[in-house]
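# A structural walkthrough
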Amino acid sequence: MFNYTALINNIKRSEQAYQVYCKNKNYHNALHIFHANEIVYDELNSLLKTQTLSNELLKEASLYLFHLEDWFLQFSILEKTVNNPEQDFSFLALKDSIPYPSHFLELVNK
């Protein structure tokens, strides 16, 4: 059976890091999100590899992965411009990017 603890805790960690980042959008704060999102990404892939999911949860997990892939792409592009950790690091919505699945935790906790 899949242990949802790491997935849930790191989604919450990512959300907390995002709240900090919103107050000061710099590279240092974006890194907190990045590290949490790496674990979320790994856990979501593990979930898809090891569990039979409802159609709804499978769809949302896939959309979450697509969202993270878009986010990682933008992060890596922005990261190339960084000269110091306090530097502005603002994301722009990519055209047709997948939105953050804000109700994913609710589905997991059903």
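Shown above is the structure to which this text applies.
Below or above, wherever it landed, is the structure these notes cover. (Residues numbered from 1 in each chain as written. Predicted model: local features only at pLDDT ≥ 70, side-chain atom pairs only at ≥ 80, totals over all residues. Heavy atoms only, no water.)

### Some remarks on the overall build of the protein chain
Within the protein chain, the regular secondary structure consists of four helices and zero strands. When the helices and strands of the protein chain are placed in sequence order, the string is α-α-α-α. By the compact-globule yardstick of 13 Å for 110 residues, the protein chain fits well, its C-alpha radius of gyration being 15 Å. Considered along the principal axes of its C-alpha atoms, the protein chain spans approximately 45 × 30 × 20 Å. Evaluated residue by residue, the protein chain yields a buried proportion of 35% over its 110 residues. Counted over contacts in the protein chain with a minimum sequence separation of 6, partners at least 24 positions apart contribute 75%. (Helix = DSSP H or I, 4+ residues; strand = E, 2+ residues; numbered from the N terminus. Rg over C-alpha atoms; globule rule 2.2 N^0.38 Å. Buried < 20%, exposed > 50% of the residue type's maximum accessible area, 1.4 Å probe, protein only. Contact = heavy atoms within 4.5 Å.)

### Focus on the nonpolar core
Leu-7, Ile-11, Val-40, Leu-44, Tyr-64, Phe-75 and Phe-104 are the most contacted members of the largest nonpolar core, which has 27 residues in total. Where this core is concerned, the elements lending two or more residues are α1 (5-23), α2 (27-50), α3 (55-79) and α4 (104-108). When residues of this core are assigned to their parent elements, the largest contribution, eight residues, is made by α3. If sequence neighbours within four positions are ignored, Tyr-64 has contacts with Ile-11, Val-40, Leu-44, Tyr-100, Pro-101 and Phe-104. (Core = buried A, V, L, I, M, F, W, Y, C linked by side-chain atoms within 4.5 Å.)

### Points about a nonpolar patch on the surface
Among the surface-exposed residues, Leu-73, Ile-77 and Leu-94 lie close enough to one another that they form a single nonpolar patch of about 270 Å² accessible area. Inspection of the secondary structure assignment puts Leu-73 in helix α3. (Patch = residues over 30% accessible without salt bridge, like charges linked within 9 Å, V, L, I, M, F, W, Y side chains within 5 Å. Areas by Shrake-Rupley, 256 points an atom, 1.4 Å probe, with all protein chains shown as cover. Salt bridge = Lys/Arg side-chain N within 4 Å of Asp/Glu carboxyl O.)

### Side note on unusual backbone geometry
Backbone geometry places Asp-96, a non-glycine residue, at a positive phi of 65°. Topologically, Asp-96 is positioned in the loop between α3 and α4.

### Examining the packing of aromatic side chains
In the structure shown here, the tally under the stated rule is 15 aromatic pairs. Arranged with centres 5.6 Å apart and planes meeting at 80°, the rings of Phe-34 and Phe-72 form a pair that is edge-to-face. Within this pair, whereas Phe-34 is found in helix α2, its partner Phe-72 is found in helix α3, the two being separated by 38 residues in sequence. Judged by relative accessible area, Phe-34 falls into the buried class, the value being 18%. Feature note: the residues Tyr-18, Tyr-21, Tyr-27, Phe-34, Tyr-41, Trp-71, Phe-72, Phe-75, Phe-89 and Phe-91 constitute an aromatic cluster, connected by ring pairs. (Phe/Tyr/Trp six-rings, centres within 6.5 Å; stacked < 30°, edge-to-face > 60°.)

### Observations concerning the environment of Asn-37
Turning to its location among the elements, Asn-37 is positioned in helix α2. Along the sequence, Asn-37 and Lys-80 sit 43 residues apart, while their C-alpha atoms lie 19 Å from each other. Apart from residues lying up to four places away in sequence, Asn-37 is in contact with Ser-14, Leu-68, Trp-71 and Phe-72.

Take it as geometry only, folks, not as evidence of what the structure does.
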